[in-house]
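# Summary of structural features
Here are the chains, one letter per residue:
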Amino acid sequence: MTTDEHALLIVAQLGTAKDYTQADQILSAAEKNHQLLFKDILTSLQEKIENLSPLDCNSSQWSIYRYTLMCIHSMMEPA
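These lines cover the structure that appears in this document, whether it is placed above or below.

## Digging into the overall build of the protein chain
The helix and strand inventory of the protein chain stands at four helices and zero strands. Moving toward the C terminus, one meets the helices and strands of the protein chain in the order α-α-α-α. What you see for the protein chain is a C-alpha radius of gyration of 12 Å, in line with the 12 Å of a compact globule of 79 residues. Expressed along its principal axes, the backbone C-alpha trace of the protein chain runs to roughly 35 × 25 × 20 Å. The buried share of the protein chain, taken over its 79 residues, is 35%. For the protein chain, the share of sequence-separated contacts (at least 6 apart) that also reach a separation of at least 24 residues comes to 65%.

Set out below in structure tokens:
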């Protein structure tokens, strides 16, 4: 599976998340399962979320996607 395919899978999972806690769990599981590729997946995930249209989402999904972008930005910052 490519990094883009992993990112699309995560976007689909985030689309079904009910709250921010579930979004955190999805990101944590992805990080745990794909340790070596995780930074590349995050870059692809960020791009895919940024390209989503709010017209294609309900308000909960849009909120979770925006929250996930904030998480991605904090995860990609140098420690």
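## Re the packing of helix α1 (residues 3-16) against helix α2 (residues 20-33)
One can describe the packing of α1 onto α2 by two numbers: an axis separation of 9 Å at closest approach and a directional angle of 160°. Viewed along their axes, α1 and α2 adopt a mutual orientation that is roughly antiparallel. You can see that α1 and α2 cross each other, and the crossing is right-handed. Between α1, through I10, Q13, L14 and T16, and α2, the contact on the second element is made entirely by Q22, A23, I26 and A30. Each residue belonging to the contact of α1 with α2 can be placed in one class, and the counts come to five nonpolar, three polar and no charged.

What counts and what doesn't
Residues numbered from 1 in each chain as written. Predicted model: local features only at pLDDT ≥ 70, side-chain atom pairs only at ≥ 80, totals over all residues. Heavy atoms only, no water. Helix = DSSP H or I, 4+ residues; strand = E, 2+ residues; numbered from the N terminus. Rg over C-alpha atoms; globule rule 2.2 N^0.38 Å. Buried < 20%, exposed > 50% of the residue type's maximum accessible area, 1.4 Å probe, protein only. Contact = heavy atoms within 4.5 Å. Axes fitted to C-alpha atoms, helices over the stretch in contact; angles between N-to-C directions. Parallel < 35°, antiparallel > 145°, perpendicular 65-115°, else oblique. Left-handed = near helix turned anticlockwise from the far one by under 90°. Nonpolar A, V, L, I, M, F, W, Y, C, P; charged D, E, K, R; others polar.

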